[in-house]
Amino acid sequence: MSFETESVLDRRRLRRKLGTWRALAVLAVVAAIAVASYYVAQPQRLLGQEQIARIEISGLITDDRKRLKLLKKIRNSDHVKGVIVYINSPGGTTTAAESIFNGIRQIAEKKPVVAQFGTVAASAAYIAGLATDHIVAHGNTITGSVGVIMQWPEFTGLLDKVGIKMNEVKSGKLKAEPSPFKPESPESRAITEEMIAEGQEWFLGLVKDRRKIATSSIPGLEEGRVYLGRTALKHKLIDEIGGEEQAVNWLIKKEKLKVDIKVIDWKPAQDNIWLGRGAMTSILSYFGIGNGIADAARHQLGLSSLDGLISVWQPHKN
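Here goes a summary of the coordinates provided. (Residues numbered from 1 in each chain as written. Predicted model: local features only at pLDDT ≥ 70, side-chain atom pairs only at ≥ 80, totals over all residues. Heavy atoms only, no water.)

## Notes on the nonpolar core
Next, step 1: Residues Ile74, Ile87, Phe117, Tyr126 and Leu237 are the most contacted members of the largest nonpolar core, which totals 45 residues.
Next, step 2: Looking at this core, the elements with two or more residues in it are strand 1 (51-58), helix 3 (65-75), strand 2 (80-89), helix 4 (94-108), strand 4 (113-122), helix 5 (124-130), strand 5 (134-137) and helix 7 (186-211).
Next, step 3: When neighbours within four sequence positions are excluded, Leu237 is seen to be in contact with Tyr126, Ile135, Val207, Arg211, Ile213, Ile218, Leu221, Tyr227 and Ala232.
Next, step 4: Core analysis: the next-biggest nonpolar cluster, separate from the first, contains eleven residues, Val114, Trp250, Ile252 and Ile261 among them. (Core = buried A, V, L, I, M, F, W, Y, C linked by side-chain atoms within 4.5 Å. Buried < 20%, exposed > 50% of the residue type's maximum accessible area, 1.4 Å probe, protein only. Helix = DSSP H or I, 4+ residues; strand = E, 2+ residues; numbered from the N terminus. Contact = heavy atoms within 4.5 Å.)

Right under this line is the structure:
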């Protein structure tokens with residue numbers, strides 16, 4: 001083999017080795033960014049010092065297993081000395097509210113929990129607030145709306161006009177009742193009212209037990225009305241007018257915490273950090289840059305997507 005040929009082969013082997021090392025270096029950088037992004041998005045995993053955990057309950061409240069896991073994780077984290085539950089929601093399903101209530105009460109068995117209400121904390125969202133030890137709301141926060149509701153449309157008039165008839169075969173007369181495809185029957189009305197009454201009794205029981213008040217003595221409460229924060233304070237539906245500063249101060253006094261203790265956001269773990277907002281957006285949000293991107297992507301769920309009994313405040317729109 002000539003010297004020239006051997007030199008060419010050596011250069012090819014060298015290029016292959018360099019290519020392999022470059023590929024490994026790129027993979028290492030990608031892995032490092034992925035790990036860093038994961039901990040930036042979930043700073044509570046990286047920081048082990050004493051802290052106040054802040055969780056958010058916003059939008060329509062529906063069943064969320066990740067949120068329940070998060071509540072359990074906060075409960076078992078010894079370095080979390082107190083919890084702020086920021087609530088900004090018109091409500092949601094009663095079963096989801098029940099799960100959140102139980103999860104927050106389990107936290108409260110080990111550490112103090114305070115609710116901070118935002119623009120609205122009504123219906124099922126107020127149930128979440130009831131689970132905490134102290135409720136802080138703004139003077140103009142919309143809260144209350146104690147009650148449950150079940151709604152369904154009736155299309156019988158429309159179907160008659162367009163000449164459509166719905167046929168069905170079912171195992172019993174109360175199966176799939178009430179139905180939007182037939183006029184309401186006295187029997188289906190009765191069982192629906194029974195479920196609503198049972199749900200309302202449960203909700204009022206929570207208010208009586210957690211707020212230590214007679215619900216019948218508060219004007220409009222058992223009828224499901226809403227109140228602004230100032231009126232809610234007057235009727236002892238909340239404990240204090242204010243925002244996060246007041247919530248933090250209550251925790252500091254309650255547990256004699258350091259006045260400079262950090263408030264750390266806790267969020268449900270993502271299945272894949274490259275999904276959702278993405279790693280870069282998580283990094284930007286951590287430094288207060290990318291919040292607008294995440295907010296722009298949010299959208300409200302329609303009530304038609306909620307099944308079962310719901311406890312939600314939704315004013316009628318003209």
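And the narrative resumes.
## A look at unusual backbone geometry
Next, step 1: Residues Glu177 and Pro178 are joined by a peptide bond in cis, for which omega reads 0°.
Next, step 2: Along the chain, Pro178 turns up in the loop between helix 6 (156-162) and helix 7.
Next, step 3: Positive phi is not limited to glycine here, since Ala176 has a value of about 55°.
Next, step 4: Its place among the elements puts Ala176 in the loop between helix 6 and helix 7.
Next, step 5: For Ala176, a relative accessible area of 56% puts it in the exposed group.
Next, step 6: Phi is positive for Lys256, close to 55°, though the residue is something other than glycine.
Next, step 7: Along the chain, Lys256 falls in the loop between helix 9 (244-255) and strand 9 (262-265).
Next, step 8: Classification of Lys256 by relative accessible area gives exposed; the value is 75%.

## Focus on the pairing of strand 2
Next, step 1: Most of strand 2 sits out of view: seven of its ten residues are buried.
Next, step 2: Of the strand pairs in this sheet, strand 1 and strand 2 are connected by eight bridges, and their pairing is parallel. From the neighbouring strand, Arg54 faces strand 2, where its bridge partner is Ile84.
Next, step 3: Crossover strand 1 to strand 2 through helix 3 is right-handed. (Pairing = 2+ DSSP bridges. Right-handed = clockwise from strand over helix to strand, strands pointing away.)

Taken by themselves, the reported measurements are silent on function.
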